[in-house]
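Report on the structure
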Amino acid sequence: MTPTPDWHLVVPVKGGASAKSRLHPPTGVGREALALALATDCLTACCAGMPPARVLVVTSDERVAQMARGLDARVVADPGAGLNAAVRAGRDAALADGPSLPVAALLGDLPALRAEDLTAALGAAAAYPLAVVPDAAGEGTVLLTALTGAELVPSFGAGSAARHEAAGHQRLELELPRLRTDVDDDADLQDVLALGVGAATRRALEQSATTLPPMQGSVHSFDETTGAGSALLDDGREVTFTREVFAASALRHLRVGQRLSLDLTGEREVSKLWIVGIGDDQRIG
Ligand SMILES: Nc1nc2c(ncn2[C@@H]2O[C@H](COP(=O)(O)OP(=O)(O)OP(=O)(O)O)[C@@H](O)[C@H]2O)c(=O)[nH]1
Ligand SMILES: C=C(OP(=O)(O)O)C(=O)O
């Protein structure tokens, strides 16, 4: 296998009141807060997938900058001339580390992204001098790469995948929906929620129980004597529940493999469980 080169990753994040103008968050959720949460989940995955010192977040928004610094990413000042200028500024900051380094640019609105998706995509892109990964619709760009960073010339904006391809970037239709689903509008938000978003986006949407589908999973283990156990979420995570949570469900028994709906506190602890299809007011015991 070809070793993966040491990419620098440029992530532009607009932030502030004008971010994500096509998104209509549910009542009780601010657009700015939701946009920040989308970027937080995206950057958390990036900084888990590669050394954060090689992740360059281009922004002029102090809240975004603070969040990025908290993840140990580098912050580059946004020149204030739009998305492509922001990506160029990130590229130039990366090239200050070495003029022929490989540089990639990733959109910052991918809240379902996981570290392994980024690693897989950068690994695939490493086989080409220039590459582009289109968004799920095949029209926009989510990832643009150049093995020689100085050759990264961004042309983001409507229909950018075809433009990047015409400029010599190899089109990579990777089977990585978590990487390819960017959030522009309300339908995209539903798509990423179905894929499973990161903790920040889930938290930001918590005030709005109507839009957030409960987590689904199946019983993985159950101790009859204590009432404690664990479940496997459909996104692959194992989560645990205590005897108190089980007792509060009013269920008398669980069997391994049984389908459940779950609420979580934190990443791994179940705060509430119930049987799929049985609503809060229709509990069975
Ligand atoms: N730093 C920086 N990032 C930008 C800028 N414009 C867009 N982005 C980021 O680029 C990614 C894709 O941008 P868009 O989908 O066009 O997002 P947007 O401008 O926030 O949203 P819309 O108002 O819907 O166009 C997101 O991560 C944005 O935060 C910009 O001028 N500067
Ligand atoms: C900026 C782009 O897309 P969107 O506005 O759809 O995020 C793009 O794909 O080039």
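Residues numbered from 1 in each chain as written. Chains lettered and ligands numbered in written order. Predicted model: local features only at pLDDT ≥ 70, side-chain atom pairs only at ≥ 80, totals over all residues. Heavy atoms only, no water.

Going by what an unreviewed UniProt entry lists, the protein chain is known as Phosphoenolpyruvate guanylyltransferase and is assigned to Pedococcus bigeumensis. Annotation of the protein chain in UniProt includes, under Sequence similarities (unreviewed entry), the sentence "Belongs to the CofC family." Under the Catalytic activity (unreviewed entry) heading, UniProt states for the protein chain: "phosphoenolpyruvate + GTP + H(+) = enolpyruvoyl-2-diphospho-5'-guanosine + diphosphate". (UniProt positions renumbered as here; feature names shortened; annotations may be inferred.)

Now for the site of ligand 1. The environment of ligand 1 is made up of 17 residues, and the closest members are Lys14, Ser21, Arg22, Val58 and Asp78. At 3.5 Å from a nitrogen atom of ligand 1 is found a main-chain nitrogen or oxygen belonging to valine 13. Between an oxygen atom of ligand 1 and a side-chain N or O atom of lysine 14, the distance comes to 2.7 Å. Alone, ligand 1 offers 610 Å² of accessible surface; in the complex the protein occludes 86% of this. Of the residues that constitute the shell around ligand 1, the class distribution is 7 nonpolar, 4 polar and 6 charged. (Near = heavy atom within 4 Å. Polar contact = N/O pair within 3.5 Å; in protein donor to acceptor, adjacent residues only side chain to side chain. Areas by Shrake-Rupley, 256 points an atom, 1.4 Å probe, with all protein chains shown as cover. Nonpolar A, V, L, I, M, F, W, Y, C, P; charged D, E, K, R; others polar.)

On to the pairing of strand S11 (residues 259-265), then. In summary, the side chains of a regular strand alternate between the two faces of the sheet. Judged from the 4 bridges that link them, strand S8 (residues 215-222) and S11 form a sheet pairing that is antiparallel. The residue of S11 that forms the bridge with glycine 217 is leucine 260. Where S11 lies against strand S12 (residues 269-275), 6 bridges are found, and the strand directions are antiparallel. Paired with threonine 265 across the two strands is glutamate 269, which belongs to S12. (Pairing = 2+ DSSP bridges. Helix = DSSP H or I, 4+ residues; strand = E, 2+ residues; numbered from the N terminus.)

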